[in-house]
Amino acid sequence: MPGDAHIIVRDLTMAYGDFVLMRDLDFRVERGDIFVIMGGSGCGKSTLLRHLIGLNEPAKGEIFYGRENFTSADRARRVELLRSVGVLYQSGALWSSMTLAENVALPLQEFTDLRPAQIREVASLKLSLVGLRGFEDYYPYQISGGMQKRAGLARAIALDPEVLFFDEPSAGLDPISSKRLDDLILELRESMGATVVVVTHELASIFAIGTNSIFLDPETRTMIASGPPLELRDRSQDPKVREFLRRGRIGGMEEVA
Amino acid sequence: MLGRTADGALLIRLAGAWRLSGGLPDTAPVERELAATPAPREVNFETSELEEWDSALVTFLLRVTERSRGRGIDVDRSGLPAGAQRLLTLAEAVAEKEDARAAQADASLLERIGSRTISAGTSLTEMLAFLGDATLTFGRLLGGGVRFRRSDLLLLIQQVGAEALGIVSLICFLVGLILAFVGAAQLQQFGATIYVANLVGVAMVRDVGALMAAIVMAGRSGAAFAAELGSMKVTQEIDALTTMGISPLEFLVVPRIVALASMMPLLCLYADFLGILGGAFIGITMLDLSVVTYAQQTIEAVTLGHLLGGMFKAFVYGILIALAGCLRGLQATTSSSGVGIATTSAVVTSIVFVISACGLFAVVFYALGL
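Residues numbered from 1 in each chain as written. Chains lettered and ligands numbered in written order. Predicted model: local features only at pLDDT ≥ 70, side-chain atom pairs only at ≥ 80, totals over all residues. Heavy atoms only, no water.

Caption draft 1: A look at the overall build of chain B. Scanning chain B for helices and strands turns up 13 helices and 4 strands. Taking 21 Å as the expected radius of gyration for a compact globule of 370 residues, we find that chain B reaches 34 Å, considerably beyond that expectation. If one aligns the C-alpha atoms of chain B with their principal axes, the spans along those axes are about 110 × 60 × 35 Å. Taken across its 370 residues, chain B has 42% of its residues classed as buried. A fraction of 83% describes how many contacts in chain B between residues 6 or more apart in sequence connect residues 24 or more apart. Here chain B displays about 19,000 Å² of accessible surface, and carbon together with sulfur accounts for 65% of that area. Of the side chains in chain B, 25 bear a positive and 31 a negative charge, and the two mean positions are spaced by 3 Å. (Helix = DSSP H or I, 4+ residues; strand = E, 2+ residues; numbered from the N terminus. Rg over C-alpha atoms; globule rule 2.2 N^0.38 Å. Buried < 20%, exposed > 50% of the residue type's maximum accessible area, 1.4 Å probe, protein only. Contact = heavy atoms within 4.5 Å. Areas by Shrake-Rupley, 256 points an atom, 1.4 Å probe, with all protein chains shown as cover. Lys, Arg positive; Asp, Glu negative; His and termini not counted. Charge placed at Lys NZ, Arg CZ, Asp CG, Glu CD.)

Caption draft 2: Just the interface of chain B and chain A, in detail. In this complex, chain B contributes 18 residues to the contact, which on the side of chain A involves 25 residues. Taking both partners together, chain B and chain A bury about 2,000 Å²; carbon and sulfur atoms supply 55% of that area. The largest share of the area that chain B buries against chain A comes from B:Arg149, B:Thr243 and B:Met244, three residues that together contribute 31% of it. The closest approach of N and O atoms between B:Arg149 and A:Glu102, which form a salt bridge, is 3.7 Å. At the surface where chain B touches chain A, the tally comes to 7 residue pairs in polar contact (both at pLDDT 80 or more). Here the side of chain B that touches chain A takes 6 residues from helix α9 (residues 237–243) of chain B, the largest share from any one element. Of the residues in the side of chain B that touches chain A, the class split is 6 nonpolar, 5 polar and 7 charged. (Buried area = accessible area lost by both parts, 1.4 Å probe. Salt bridge = Lys/Arg side-chain N within 4 Å of Asp/Glu carboxyl O. Polar contact = N/O pair within 3.5 Å; in protein donor to acceptor, adjacent residues only side chain to side chain. Nonpolar A, V, L, I, M, F, W, Y, C, P; charged D, E, K, R; others polar.)

Caption draft 3: Main features of the domain arrangement of chain B. Examined at the domain level, chain B breaks down into domain 1 (2–101) and domain 2 (122–368). In this structure, domain 1 of chain B and domain 2 of chain B have C-alpha centres spaced 64 Å apart. (Domains from an automatic or database assignment.)

Caption draft 4: Here's a closer look at the environment of A:Glu121. By the element assignment, A:Glu121 lies in helix α4 (residues 116–129). For the pair A:Glu121 and A:Pro161, spaced 40 residues apart in sequence, the C-alpha separation works out to 18 Å.

Caption draft 5: Summary view of the sheet that holds strand β5 (residues 68–69) of chain A. Residues and elements named next belong to chain A. Strand order in this open sheet of 4 strands is β2-β1-β4-β5, and the pairing throughout is antiparallel. Each end of this open sheet is capped by a strand with a single partner; those strands are β2 (19–29) and β5. Direction of pairing for strand β4 (residues 60–65) relative to β5: antiparallel, over a ladder of 2 bridges. By the bridge assignment, Phe64 is partnered in β5 with Asn69. This element, helix α1 (residues 45–52), spans β1 (7–16), β2 and β4 of the sheet and lies at about 120° to β1. (Pairing = 2+ DSSP bridges. Axes fitted to C-alpha atoms, helices over the stretch in contact; angles between N-to-C directions.)

Caption draft 6: Just the packing of helix α5 (residues 109–143) of chain B against helix α12 (residues 304–331) of chain B, in detail. All names here are of chain B. Viewed as axis vectors pointing N to C, α5 and α12 meet at an angle of 115°, and their least axial separation amounts to 11 Å. Once α5 is placed against α12, the crossing between them reads as right-handed. Residue-level inspection shows Glu126, Met127, Phe130, Leu131 and Ala134 of α5 in contact with α12, the latter providing Leu323, Cys326, Leu327, Arg328, Leu330 and Gln331. Considering only residue class, the contact of α5 with α12 consists of 8 nonpolar, 1 polar and 2 charged. (Left-handed = near helix turned anticlockwise from the far one by under 90°.)

Caption draft 7: Examining the pattern of salt bridges more closely. All names here are of chain A. Throughout the structure, instances matching the rule amount to 24 salt bridges over all chains. Note that Glu62 is salt-bridged to Arg10, the shortest N-O span being 3.6 Å. With Glu62 in strand β4 and Arg10 in strand β1, this residue pair connects regions lying 52 residues apart in the sequence. Of the residues examined, Glu62 reaches a relative accessible area of 30% and is grouped as partly exposed. Linking Glu30 and Arg28 is a salt bridge whose minimum nitrogen-to-oxygen distance equals 3.3 Å.

Caption draft 8: Region of the structure containing the pairing of β4(A). All names here are of chain A. Across 5 bridges, β1 lies against β4 in antiparallel orientation. Counterpart to Val9 in the pairing with β4 is Ile63. The hairpin formed by β4 and β5 contains 2 residues between the paired strands, and Gly66 there has a positive phi angle of roughly 65°.

Caption draft 9: Local environment of the packing of helix α6 (residues 150–160) of chain B against helix α10 (residues 248–285) of chain B. Residues and elements named next belong to chain B. Relative orientation of the contacting elements α6 and α10 amounts to 40°, with a least axis distance of 9 Å. Taken together, the axis directions place α6 and α10 in an arrangement best described as oblique. Between α6 and α10 the crossing geometry is right-handed. Taken together, the residues of α10 that come into contact with α6 (itself represented by Asp152, Leu153, Leu156, Ile157 and Val160) are Phe251, Pro255, Arg256, Val258, Ala259, Leu260, Ser262, Met263 and Leu267. Class assignment for the residues of the contact of α6 with α10 results in 11 nonpolar, 1 polar and 2 charged. (Parallel < 35°, antiparallel > 145°, perpendicular 65-115°, else oblique.)

Caption draft 10: Examining unusual backbone geometry more closely. For A:Ala93, which is not a glycine, the phi torsion comes out positive at approximately 55°. A positive phi is found at B:Asp288, a non-glycine position, where the angle reads about 60°. Exposure remark for B:Asp288: the relative accessible area of 65% places this residue in the exposed category.

Caption draft 11: View of the nonpolar core. Ranked by internal contacts, the top residues of the largest apolar core, which has 102 residues, are A:Ile7, A:Leu25, A:Ile53, A:Phe165 and B:Tyr317. Non-local contacts of A:Leu25, meaning those with residues more than four positions away in its chain, are made with A:Val9, A:Arg10, A:Asp11, A:Leu12, A:Met14, A:Leu48, A:Leu216, A:Thr222 and A:Met223. If you look at the next biggest cluster of nonpolar residues, it comprises 30 residues, including A:Leu108, A:Val130, A:Met147 and A:Ala154. (Core = buried A, V, L, I, M, F, W, Y, C linked by side-chain atoms within 4.5 Å.)

Caption draft 12: Quick peek at the packing of aromatic side chains. This model, assessed by the stated rule, comprises 11 aromatic pairs over all chains. Between A:Phe215 and A:Phe244 the ring centres are 5.0 Å apart and the planes differ by 75°, which places this aromatic pair in the edge-to-face class. Taken as a pair, A:Phe215 in strand β9 (residues 212–217) and A:Phe244 in helix α9 (residues 239–246) lie far apart in primary sequence, 29 residues in all. Of the two residues examined, A:Phe215 and A:Phe244, each falls in the buried class. Note on B:Phe312 and B:Phe361: the rings are 5.9 Å apart at their centroids and 70° apart in plane angle, and the pair reads as edge-to-face. Taken together, the residues B:Phe312 in helix α12 and B:Phe361 in helix α13 (residues 336–368) connect sequence positions 49 residues apart. Looking at B:Phe312, the relative accessible area reads 44%, which means it is partly exposed. We note A:Arg78 situated over the ring of A:Phe70; from NZ or CZ to the ring centre the distance is 4.7 Å. (Phe/Tyr/Trp six-rings, centres within 6.5 Å; stacked < 30°, edge-to-face > 60°. Lys NZ or Arg CZ within 6 Å of the ring centre and 35° of its normal.)

What follows is the structure, encoded as C-alpha cells:
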C-alpha cells in the first residue's frame, strides 16, 4: 500500500503509440526531498515529468499523490490535486500576451477570493522573491531568458505549492545564472517546505541540490539506479551511472565541497 | 583498385583524391568481390597512393564495412590513415537504436492507404470530441461557470471586428461592383438595367455579404487563432494553463468563438452595405440611374427576412471559423513547421466548413421557402 511518501510511482510504463520509452519505473518521492530525475538527453526525463503532472497518460502503471491515486482520478479531482503543484517549464512558458504581474496573478484570480488590489500585492511579492521587483508591467519578450525562468518560478510558487516541478531549470542559462537559480530553488524549498522534483542533466545542479534521485537509461529503457546522487557517484555498481556522474568531477567539485 | 592477396584476403587499394566534391564512389565492384566464391577471408586496405580524403572516403569505408560484416567477413583497418580509422570508430561507437529507424521505413501502398484511413478516422474523432467539449463548455458558459479574462475578449472583439473593417470594405465593395457589372451586361439586352439594383441587393444581403465576410475572416482570424494557439503550444503555455487547472477551452477557445460569433453578423451587415454601394457605383456611373432610383429599387427588393437570414448565416460562419482555427491550433505539433501546417489547415478547414454550411443553408432556406 502507498505509504506517507509525497509522490509514488508504481510500475509505470511510458509509451508514444507502440514506441515504449521507459518501462518498470518504481520510485517514491518523500516529503521535503529534492528529487532529481537524471539521464542522458532524449531518454524520457521530461516525458516522465509530463506524466507526473498529468499532461501525458501512462501506458501502464499508476501515480499516487500521497495516498490518492492520481492516474485513476477524474478530471475535476486531478485539477484539485494539481492545485498544490507548481511547475516551471523548460522554456518558462509564461503567457506571452500578459505582463509578468498578470502571469503571476492569473492563478491567484482563479483559485483565491482575493480582491484585485490584494492580488496585485501578492504578485509583486512573488516577483520580488525571485529578484524581479519592479518588473511587474514588463511583457515576457521584454526580459532576458534567465529572467523569464525566474518569472516562471514566481508563477509556479504563486499558490504556495507543496510540490514544485522543474523541467531543466538551467537549460539555456549561463553557469552563474544557473547557480543562482539553484540557490533560489534551495532557498525557496527551505522557506516554503515544499517537495521539489527536478529534471536535469546538469551535474553541478544534481550534486548541489539533489537529496535523492533516479537514473534513467535509454538503452535498457528503465531506471537503473536510485539514491542520493553523491552516493550513486561514489558507490554505484553500474558503470553507466558512475561514468555519467563522474564526468562532473572536475566541474562539479567546487559546488559539492 | 581491387585485388586478392595470396592468403585469400580482398585487398582494396585506394589512390588519388577522395573528395565529396568529386561525388560518392560506387561500392558495387567491392560488393561483387565480396559475393564471389570463394569468399574473401578478410578485407584489407592499402593507401600508399591516397592523396587527400574527406567524408567521401569515410562514407565509402563505412558502407564497405557494413557489407563485409553482413557477410561475416572481417575488415582489417590497419592499412587506413589514422584519422579515417578514428572517424570510423566514432561513427560506430553508438549502436544504431533498433526501432528509431524502423518507424521511418518505407511503407507499401496498401499500408499507406490503411494508415491514411486510420488517421483520417482519428482526425474526425478528434474534431467531434473537440466539438463536444466546446459545446459542453458553452453550456457552462450560459450557467456562468466559465472563466476567461474580459480584457482578452474585448481585445479579440477589436481584432476580429473593427480591425477587419478595411479589408471587408475593399472586398465587398469590389464584389458588389463585379456583380453589378456582370448583371448589367445581361440585363441591358432587355433594357432592364434598373434590376441591377435588385440583383446586387438581394445577392449581397442573402448570401454574398456573409460569405465574403466569412472568407475574409477565415483567412484573417481563423489563421491568426491557429497560429496563436499553435505557438502557445510550442512554448508550453497551453501546458502551463492545463496544469494550473485552467481549461484552455474555457480560457482561450470560448472568448475567440464569442468574439467572432458576435462580430460576424455586424461585419456581414457592413459587408451588405458596402456591396450595395459598389453596385450603386456602377448603376450611377455606367447605367445613368439616379441615386434615389437605385436606392428606392434596392429598398423595395430587399426584405428584412433576407437581411436577418444573411446575418444568421454570418453568425454560424463565425462559430465555424473560430472552431476550425482553435481546433487546428490546439492540434498543432510542437515545432515551428507544426504551427505553419496548423495555420494552413485552419484556413482550409474553415473555408470548407463555411462553403459546406453555405450549401446546406441554400437547401434548407429553399425548403423553408425563405
